[in-house]
Amino acid sequence: MTKEEARRRIEELRELIRYHNYRYYVLDSPEISDAEYDRLFRELQELEEKFPEFVTPDSPTQRVGAQPAEEFGTVPHTIPMLSLDNAMDEEEVREFDERVKRFLGTDEDIEYVAEPKLDGLGVELVYERGRLVVGSTRGDGFVGEDVTQNLRTIRAVPLVLLGDPPERLEVRGEVIMHIEDFRELNRRRAEEGEPPFANPRNAAAGSVRQLDPRITASRPLDIFFYGVGQVVGREFSTHWEVLQALRSWGLRTNPLNRLCRNVDEAVDYYRELLKIREELPYEADGVVIKVNRLDLQRRLGEKARSPRWAIAYKFPPRQATTVIKDIVVQVGRTGVLTPVAIMEPVHVGGVEVKRATLHNQDEIDKKDVRIGDTVIVQRAGDVIPEVVAVVKERRTGKERPFRMPERCPVCGAKVVRLPDEAAHRCTNSACPAQVKERIRYFASKNAMDIEGLGVKLVAQLVDRGLVKDVGDLYFLTKEQLASLDRMAEKSAENLLEALERSKEREPARVLCALGIRHVGEHVARVLMDHFGSIDRLAEASADELESVPGIGPEVAGSVVDFFSHEENMRVLEKLKRAGLKFEVEKEAAGPLSGKKFVFTGTLSSMTRSEAEELIRKLGGEASSSVSRRTDYVVVGENPGSKLERARQLGVKTITEEEFLRMVGKG
Ligand code: D41
């Protein structure tokens, strides 16, 4: 390749990567798979290595580059980043609307834009001629910290804008961490003996305010943009228009934002969002309601430090105060002992809470939580409620400190705390609590998906000695089941049938269901794609495992460890004897070969994961988001936004009946 050819290809690859970032982050509708994206990225990296003279700071490969800083510089905001007044109920929102009308001397409806109020860290980015030059925190609203190098590492932050950006653009947004990512991060931190973050907002803020951008880069951050500061070279007449323009430049805005004709519609929006609050993948603490017309915004102006044209309509708090009656210890699947506070029942954000996790002894010590204490509990997303802090002023002196037991409260085995671990563990892998949790995990939806195997049933099976490991499940008889409490003959039959059906699960699901540390759904699939069978995986060395792309030393270590235990091998033998699938079936060219399916809505004849498995067995691909490369969108009961997107993209939609015929089940 000549230098000129390389230069051109590099340019082309950067354009392509920017475009696909836009499809992925802004439109939420990728056109290519992650693997294809990675190929483009690697090709660019390799070319830049060979031709370093063409590396520029705004290349997508140059997100992390800077050395750790000594301290952050400061950045004044050209236009102050104002704060928001709060409204706690509908009446206060209507008063706001009245105030706006009175100030403007009108009684006509005011048009508003309503947006989810994300709970993260406010930042401002400055683009000059479409290139990111500075990024800062909101700070005190007038001056923020220079966190440019850190914000550059967030993939959803474009280094170069698309389309026709203005001469200078100051854009404002909220950096957030998704709840799932937050949990995963805390899980890893706990394993590494680091203190957990209290909530996704602290995790996001703490990650952006790192002196070493490499640490920020390792954190799963995301961003939504909600407004602008100074803009040179472009005029707008409404806020809605601003949001559309940001999107067209590749700056992701929240798809849930809505244009409302009047305050009634804004109040409706709040109610709708409150209903789906728990399902949002990130934390939102309310709705921001903004006057849409910019000329009206200008006339309204601001008072002290907040605009008269906007208000934050807050959701009910998800924190509450209650008393800890007791602290008990729960034993998990891997033997980890988790202290749990038993509390006076209290309503938190609309849900009654009686138990809250205290994580581990270190956390209890750090917060100095004692039995009898009055505490603040918090519920975030669908996360298990946790104790945030003790209200020390309420102490009477009768509170009792808690110590982890030296013996497992369930089986009496010795409890150990491994060096560098925050967790205490029960050392007996046959501990009934561990066995029960392993079975529940094995049967869970994303693993073997065995319907009807609930907590109480699992407890009975283990307590009566009918099941000692997951292998025993498949050798249960109808008589044994029927002898259990509250087990009718029909339910026994149903369970046996569900067990029978679960034998059809593909080997990657079986592997995942074993509950090997660090081997979740994704890793299990990677491993089975590579090794082709569980037996071959069992024989792999740590080196061999680490040579698989995407598999690190941690995963390799725990896989080797799992298969080195004789009792695990005995369980595997049982599962194999029962007829579970250990070998990946290679259907050379199945009838659905190369076809991509996406599901929306509920199917009536099977679960979604069963349908997806069927597709993979027949050589097709099942994916969760609709793109131009999707061949069919299967539309079930109550379809979601994917149907809309399929129509927009002109992707073929089929009914469940048509799908069943296609797979030979109709
Ligand atoms: O999502 C948010 N956190 C958000 C915050 C949002 N969607 N819009 C916002 N709009 C403003 C104004 C109206 C002042 C431009 C905001 C904030 N302010 C804000 N958040 C914290 C301080 C200010």
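Before reading on, note that the structure itself is shown above.
Below is a short write-up of the structure.

Reading the values: the criteria
- Residues numbered from 1 in each chain as written.
- Predicted model: local features only at pLDDT ≥ 70, side-chain atom pairs only at ≥ 80, totals over all residues.
- Heavy atoms only, no water.
- Helix = DSSP H or I, 4+ residues; strand = E, 2+ residues; numbered from the N terminus.
- Buried < 20%, exposed > 50% of the residue type's maximum accessible area, 1.4 Å probe, protein only.
- Near = heavy atom within 4 Å.
- Polar contact = N/O pair within 3.5 Å; in protein donor to acceptor, adjacent residues only side chain to side chain.
- Areas by Shrake-Rupley, 256 points an atom, 1.4 Å probe, with all protein chains shown as cover.
- Pairing = 2+ DSSP bridges.
- Phe/Tyr/Trp six-rings, centres within 6.5 Å; stacked < 30°, edge-to-face > 60°.
- Lys NZ or Arg CZ within 6 Å of the ring centre and 35° of its normal.
- Patch = residues over 30% accessible without salt bridge, like charges linked within 9 Å, V, L, I, M, F, W, Y side chains within 5 Å.
- Salt bridge = Lys/Arg side-chain N within 4 Å of Asp/Glu carboxyl O.
- Lys, Arg positive; Asp, Glu negative; His and termini not counted.
- Charge placed at Lys NZ, Arg CZ, Asp CG, Glu CD.
- Axes fitted to C-alpha atoms, helices over the stretch in contact; angles between N-to-C directions.
- Parallel < 35°, antiparallel > 145°, perpendicular 65-115°, else oblique.
- Left-handed = near helix turned anticlockwise from the far one by under 90°.
- Contact = heavy atoms within 4.5 Å.

### Examining unusual backbone geometry
Consideration 1: Of note, D449 is a non-glycine position whose phi angle comes to about 50 degrees, a positive value.
Consideration 2: Structurally, D449 can be placed in the loop between α12 (432-443) and α13 (455-463).
Consideration 3: Even without a glycine there, the phi angle at N638 is positive, about 50 degrees.
Consideration 4: Assignment of secondary structure puts N638 in the loop between β25 (632-635) and α23 (641-649).
Consideration 5: On the basis of relative accessibility, which here comes to 65%, the residue N638 falls in the exposed class.

### Some remarks on the site of the ligand
Consideration 1: The full set close to the ligand counts 15 residues, and L82, E115, L118, Y226 and K290 are the nearest of them.
Consideration 2: The separation between an oxygen atom of the ligand and a polar main-chain atom of P116 is 3.5 Å.
Consideration 3: K290 has a polar side-chain atom sitting 3.0 Å from a nitrogen atom of the ligand.
Consideration 4: In isolation the ligand offers 480 Å² of accessible surface; the protein chains occlude 87% of this area.
Consideration 5: Of all the secondary structure elements, the ones that give two or more residues to the shell around the ligand are β3 (112-118) and β10 (284-291).
Consideration 6: Ranked by residue count, the leading element in the shell around the ligand is β3, at four residues.

### A look at the pairing of β3
Consideration 1: Counting buried positions along β3 yields seven of seven residues, so the element is predominantly enclosed.
Consideration 2: Looking at chain direction, β3 and strand β9 (residues 258-260) are connected through three bridges and run antiparallel. Bridge pairing links Y112 to C260 in β9.
Consideration 3: Where β3 and β10 come together, seven bridges link them in antiparallel fashion. Residue pairing across strands places V113 opposite K290, the latter belonging to β10.

### Description of the packing of aromatic side chains
Consideration 1: Counted under the stated rule, the structure contains 13 aromatic pairs.
Consideration 2: Considering the side-chain rings of F597 and F659, the 5.9 Å spacing of their centres and the 70 degrees angle between planes classify their relative orientation as edge-to-face. One end of the pair, F597, is in strand β23 (residues 596-600); the other, F659, is in helix α24 (residues 656-662), and 62 residues separate them in sequence. Taken individually, F597 and F659 each receive the classification buried, so the pair is uniform in this respect.
Consideration 3: An aromatic cluster is built from F597, F599, Y632 and F659, whose rings are joined through pairwise contacts.
Consideration 4: Here R252 stacks its cationic end above the ring of F224, 4.5 Å away from the centre of that ring.

### Points about a negative patch on the surface
Consideration 1: A surface patch of negative charge is lined by D89, E91, E95 and E98.
Consideration 2: Position of E95 among the secondary structure elements: in helix α3 (residues 90-104).

### Points about the environment of R234
Consideration 1: Here R234 lies in the loop between β8 (222-232) and α8 (239-248).
Consideration 2: Placed 65 residues apart in sequence, R234 and L169 show a C-alpha to C-alpha distance of 9.1 Å.

### As for the packing of α3 against helix α9 (residues 263-276)
Consideration 1: For the pair α3 and α9, interaxial distance at closest approach is 10 Å and the crossing angle is 150 degrees. When the interaxial angle is binned, α3 and α9 end up roughly antiparallel. Between α3 and α9 lies a crossing whose hand is right-handed. Note on element contacts: α9 touches α3 through V263, D264, V267 and R271, opposite E90, V93, R94 and D97.

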